[in-house]
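Here's the letter readout for the chains.
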Amino acid sequence: MTLQLGDLAPDFTAETTQGSIAFHAWLGDSWGVLFSHPKDFTPVCTTELGTVAKLKGDFDRRNVKVIGLSVDPVDSHVRWEEDIAETQGQAVNFPMIGDPDRKVADLYGMIHPNASDTMTVRSVFVVGPDKKIKLSITYPASTGRNFDEILRVIDSLQLTSKFSVATPANWKDGDDVIIGAAVTDEEAKAKFPGGWTTVKPYLRVLPQPGR
Ligand code: BEZ
C-alpha cells in the first residue's frame, strides 16, 4: 500500500555506508530525509549525492538527518563515493543504505514497475520527530532533484508545526505567511497579537512569526 502523509514511517534495520542502522533509533528526536536514487555510478545520481553532501550544514542547522538508499550493495556505494568526491568536489557525509534485497525500497514503495522493475525511482520522504511522514515526492530517473526545494519545504513544515500558519506559493523563510484556514479571527487575535492584513476573509497575511 502507498505510504500517505501522516502515516508512521516504517521502521527498519539496514546496512549502510556508516554501519548498521535501526531507522527510528537513528533518527532519535531529529527530523529525517530518506531519499532513494536509481543506481550507483550513474551521472544524475552522482550530481545529486554531491549536492546533498554540500548541503549537510543546512540540514544540520534544521536538525535534519539525511540518509540515501539504492538497491546497490554497500560495497558499491563505498566505491562510488570515491567518484562522487572526485567529480563533485565534496565527500559524501551521510549514510547510504545498501538495499539489494529491496527490503526498505518495498516498505516505502520506491520501486515503480512502470518506470523500472529493478531500480528505485527518485523518492524523497521527510519524516518528522514524531516519525510520521510529512512529505513525499517522486521524481523520474531522468530528472535530478532540487534539494534547495527540499530545504524550503522543511522550513515550511517546521514553521507550520509550531504556529497556526500556512505558507503561500513559492514562500521562503522570512516571507509573509498566511493564517491557517481553520483559525477563526477570534483565535487569531490571541495567537497573533501583532495583527494581520485581511486581503479576503479567507486570506489573512502576516509577517512570519517567531523571527
Ligand atoms: C542517472 O543518474 O543519470 C540515471 C540513473 C538511472 C537511470 C537513468 C539515469
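All figures in this text were calculated on a predicted structure; none of them were measured in a lab.

## Considering the overall build of the chain
Next, step 1: A count of helices and strands for the chain gives seven helices and 11 strands.
Next, step 2: Considering only residue pairs separated by 6 or more positions, the chain has 67% of its internal contacts joining residues 24 or more positions apart.
Next, step 3: Counting every atom, the chain has about 10500 Å² of accessible surface; 52% of that belongs to carbon and sulfur.
Next, step 4: Of the charged side chains in the chain, 22 are positive and 28 negative; the average position of the first set lies 6 Å away from that of the second.

## Description of the site of the ligand
Next, step 1: The immediate surroundings of the ligand are formed by Pro38, Thr42, Pro43, Val44, Cys45, Met119, Arg122 and Ala141.
Next, step 2: Here an oxygen atom of the ligand and a backbone polar atom of Cys45 are 2.8 Å apart.
Next, step 3: Look at the ligand: alone it shows 260 Å² of surface, and the protein chains cover 78% of it.
Next, step 4: Top element by residues in the shell around the ligand is helix H2 (residues 43-54). It accounts for three residues.
Next, step 5: Partitioned by chemical class, the residues of the shell around the ligand number six nonpolar, one polar and one charged.

## A closer look at the packing of H2 against helix H4 (residues 74-88)
Next, step 1: Closest axis-to-axis distance for the H2/H4 pair is 9 Å, and the angle between their directions is 75 degrees. On the basis of their axis angle, the class for H2 and H4 is roughly perpendicular. Counting all contacts with H2, which are made through Cys45, Thr46, Thr47, Leu49, Gly50 and Lys54, the residues of H4 involved are Trp80, Ile84, Thr87 and Gln88.
Next, step 2: Along the lines of polarity and charge, the residues of the contact of H2 with H4 split into four nonpolar, five polar and one charged.

## Structural notes on the nonpolar core
Next, step 1: One finds Val33, Phe35, Phe59, Val66, Phe94 and Val126 to be the most contacted residues of the largest nonpolar core, which totals 26 residues.
Next, step 2: Taken together, the elements giving at least two residues each to this core come down to strand S3 (31-36), H2, strand S4 (64-70), H4, strand S6 (122-127), strand S7 (133-139) and helix H6 (147-162).
Next, step 3: Excluding residues that lie within four positions of it along the chain, Val66 makes contacts with Trp26, Val33, Phe35, Val52, Phe59, Phe94 and Pro95.
Next, step 4: Among the nonpolar cores identified, the runner-up in size contains 21 residues, and Ala9, Leu27, Leu34 and Leu69 belong to it.

## A short note on the domain arrangement of the chain
Next, step 1: Taken domain by domain, the chain comprises domain 1 (13-145) and domain 2 (163-206).
Next, step 2: In this structure, domain 1 and domain 2 have C-alpha centres spaced 35 Å apart.

## Let's talk about H2
Next, step 1: Taking 1.5 Å per residue, 12 residues should reach 16 Å; H2 reaches 17 Å between its end C-alpha atoms and fits that length.
Next, step 2: Considered for burial, the residues of H2 that qualify are Cys45, Thr46, Glu48, Leu49, Gly50, Val52 and Ala53.

## So, unusual backbone geometry
Next, step 1: Non-glycine residue Asn63 carries a positive phi angle of around 60 degrees.
Next, step 2: Mapping Asn63 onto the fold places it in the loop between helix H3 (56-61) and S4.
Next, step 3: Unusually for a residue other than glycine, Asn170 sits at a positive phi of about 60 degrees.
Next, step 4: Residue placement: Asn170 occurs in the loop between strand S8 (165-166) and strand S9 (177-179).
Next, step 5: Judged by relative accessible area, which is 69%, Asn170 ranks as exposed.

## Digging into the sheet that holds strand S11 (residues 203-206)
Next, step 1: Ordered by their spatial adjacency, four strands build an open sheet running S8-S9-S11-S10, and the pairing between neighbours is antiparallel. A single partner strand is all that each edge strand has here, and the edge strands are S8 and strand S10 (197-200).
Next, step 2: By the bridge criterion, three bridges tie S10 to S11 in an arrangement that is antiparallel. Note on S11: the bridge partner recorded for Thr197 is Val205.

## With respect to the pairing of S11
Next, step 1: Along S11, the buried face is formed by Arg204 and Leu206; none of Leu203 and Val205, which line the opposite face, is buried.
Next, step 2: When S9 meets S11, the two strands line up antiparallel, connected through two bridges. Bridging from a neighbouring strand, Val177 pairs with Leu206 of S11.
Next, step 3: Between S10 and S11, which pair antiparallel and follow one another directly, the connecting turn spans two residues.

## Concerning the pairing of S6
Next, step 1: Taking burial as the measure, the six residues of S6 include six buried ones, the bulk of the element.
Next, step 2: Relative to S6, S3 runs antiparallel, the two sharing four bridges. By the bridge assignment for S6, Leu34 is matched with Phe125.
Next, step 3: Summarising the sheet, S6 and S7 pair through six bridges and their orientation is antiparallel. By the bridge assignment for S7, Ser123 is matched with Thr138.

What counts, and at which threshold
- Residues numbered from 1 in each chain as written.
- Predicted model: local features only at pLDDT ≥ 70, side-chain atom pairs only at ≥ 80, totals over all residues.
- Heavy atoms only, no water.
- Helix = DSSP H or I, 4+ residues; strand = E, 2+ residues; numbered from the N terminus.
- Contact = heavy atoms within 4.5 Å.
- Areas by Shrake-Rupley, 256 points an atom, 1.4 Å probe, with all protein chains shown as cover.
- Lys, Arg positive; Asp, Glu negative; His and termini not counted.
- Charge placed at Lys NZ, Arg CZ, Asp CG, Glu CD.
- Near = heavy atom within 4 Å.
- Polar contact = N/O pair within 3.5 Å; in protein donor to acceptor, adjacent residues only side chain to side chain.
- Nonpolar A, V, L, I, M, F, W, Y, C, P; charged D, E, K, R; others polar.
- Axes fitted to C-alpha atoms, helices over the stretch in contact; angles between N-to-C directions.
- Parallel < 35°, antiparallel > 145°, perpendicular 65-115°, else oblique.
- Core = buried A, V, L, I, M, F, W, Y, C linked by side-chain atoms within 4.5 Å.
- Buried < 20%, exposed > 50% of the residue type's maximum accessible area, 1.4 Å probe, protein only.
- Domains from an automatic or database assignment.
- Expected span 1.5 Å × (residues − 1).
- Pairing = 2+ DSSP bridges.

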